[in-house]
Amino acid sequence: VMVNIGIIGAGSYGAQHAEAIAAVDGVQLVAASRTTAPALNEFIARYGGTGYTDYHDLLADSAVDAVVIATPHHQHTAIVEAAARAGKHILLEKPMAPTAAECDHILAVTAAASVTLMVGHVNHFSPSYVRAKEMLDSGEMGEVVLGVSTMSKFWFESNRRGWHLDRASGGGMWLTAGIHCLDRLTWLVNSVVVSTSAQLSTRFHDQQADDVGMIFLRYASGAAGTIVSTGYASGAPKHLTELTCTRGMLNIDYTGGVTTGRDEQWLNVYTPADDDWMHAALVGEWQAFLRAVGTGETPAVSGEFARHIMDVIFAAEESSQTGREVAVAYQPPELM
């Protein structure tokens, strides 16, 4: 059975999705939408499918079974609602939406329409993280006691857009990129966050959104977490998750792989075969989405899980504004 996909938001990340779709069996790109016609035509010429400058027309296309939504964050809710009404399954890019009310609305409209909703927390499919999760699930590392998850990156990379620079449109380092640290740490710890204390600020750029933050997390399991979320003007990249477990240390790096710390020595136990971890992860994400669409089962990254991640995001913002620790309200009964 072939599942036909429409990409809503055929920009730089839409292109990465198109390349992943081309590498996965059982799925094909049949349509794409983007408001700028010349850029849309260029996209269609490269990846195929029918082009639409209005996503409503794409949703009206009966050839489309499912959509990936890779638009600016503040546009997510309206598009999800229209897609759900059109009966299309949805792979929604993170962050889910810029407000808690919108996140709740997304869960409600997709549930009412009985369509599959999966959120694109791509780290769950990064080969290094998949391997680390297997090691944790097997029990060989014992329990996670604490973790530090770091993302330091150059903020004004080539795909940065105006809407990334304003919190009102879902911009800022924390919502755009730091969320990956929160997502992957929470997934590895395998517990909900009960409260958070954070300091977010704007230190490197003239924008209406944060570009640096440190976030402390208390997990229901008793584990503790710290997130370093930095979008620097001058620096060097660091993408690392460091876990302290009851049976050793575990460091996870997208390209460097997985390293264990035991008996006073560090040992590399896994190195990814593919240098392009993002492509490999997106391929895995699409395979997982296809399984969920095909079986009707809860997807690998459920709307409930993504909603919890967003609630931690919002609680951290509140903590930063008030200088107090903030309880995380939305805790799904089942984390996964």
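For the structure, see preceding data.
Thresholds, definitions, all that
Residues numbered from 1 in each chain as written. Predicted model: local features only at pLDDT ≥ 70, side-chain atom pairs only at ≥ 80, totals over all residues. Heavy atoms only, no water. Axes fitted to C-alpha atoms, helices over the stretch in contact; angles between N-to-C directions. Helix = DSSP H or I, 4+ residues; strand = E, 2+ residues; numbered from the N terminus. Parallel < 35°, antiparallel > 145°, perpendicular 65-115°, else oblique. Contact = heavy atoms within 4.5 Å. Pairing = 2+ DSSP bridges. Salt bridge = Lys/Arg side-chain N within 4 Å of Asp/Glu carboxyl O. Buried < 20%, exposed > 50% of the residue type's maximum accessible area, 1.4 Å probe, protein only. Core = buried A, V, L, I, M, F, W, Y, C linked by side-chain atoms within 4.5 Å. Nonpolar A, V, L, I, M, F, W, Y, C, P; charged D, E, K, R; others polar. Disulfide = S-S within 2.5 Å.

Running from N to C, helix H5 (residues 100–113) and helix H9 (residues 303–322) point in directions that differ by 175°, and their axes come no closer than 10 Å. Between H5 and H9, the interaxial angle falls into the category roughly antiparallel. Contacts between H5 and H9 involve Ala100, Cys103, Asp104 and Leu107 on the former and, on the latter, Gly303, Glu304, Arg307, Met310 and Phe314.

Sheet topology note: the strand E7 (residues 144–154)/strand E11 (residues 238–245) ladder contains eight bridges and is antiparallel. Bridge pairing in E11 links Met151 to His239. The sheet contact formed by E7 and strand E10 (residues 224–232) spans nine bridges and is parallel. By the bridge assignment, Ser149 is partnered in E10 with Ile227.

Moving on, we come to the pattern of salt bridges. A complete count under the given rule lists nine salt bridges for this structure. Residues Lys133 and Asp137 are paired through a salt bridge, measuring 3.9 Å at the closest nitrogen-oxygen approach. Of this pair, Lys133 and Asp137 both sit in helix H6 (residues 127–138), four residues apart, which is roughly one turn of that helix. Residue class for Lys133 comes out buried when judged on its relative accessible area of 9%.

Counting 104 residues, the largest nonpolar core has Ile90 and Trp286 as the members making the most contacts within it. The dominant element in this core, judged by the number of residues it contributes, is helix H7 (residues 173–189), at eleven residues. Excluding its chain neighbours within four sequence positions, the residues that come into contact with Ile90 are Val67, Ile69, Val80, Ala83, Ala84, Thr110, Val115, Thr116, Leu117, Met118 and Phe289.

Note that strand E8 (residues 193–201) and strand E9 (residues 212–219) share eight bridges and pair antiparallel. Within the sheet, the bridge partner assigned to Val193 lies in E9 and is Tyr219. Across two bridges, E8 lies against strand E15 (residues 326–327) in antiparallel orientation. In the strand pairing of E15, Ser195 is matched with Ala327.

For the pair H6 and H7, the least separation of the axes is 9 Å and the interaxial angle reads 25°. When the axes of H6 and H7 are compared, the pair comes out roughly parallel. Side by side, H6 and H7 meet where Tyr129, Val130, Ala132, Lys133 and Leu136 of the first sit next to Arg184, Trp187 and Leu188 of the second. Here the contact of H6 with H7 is built from residues that sort into six nonpolar, no polar and two charged.

Now for the state of the cysteines. Summed over the entire model, instances satisfying the criterion amount to zero disulfides. This cysteine, Cys103, is not joined by any disulfide, and Cys181 carries the nearest cysteine sulfur, 19 Å off. For Cys103, a relative accessible area of 0% gives the class buried.

Treat this as a map of the structure, not an account of what it does.
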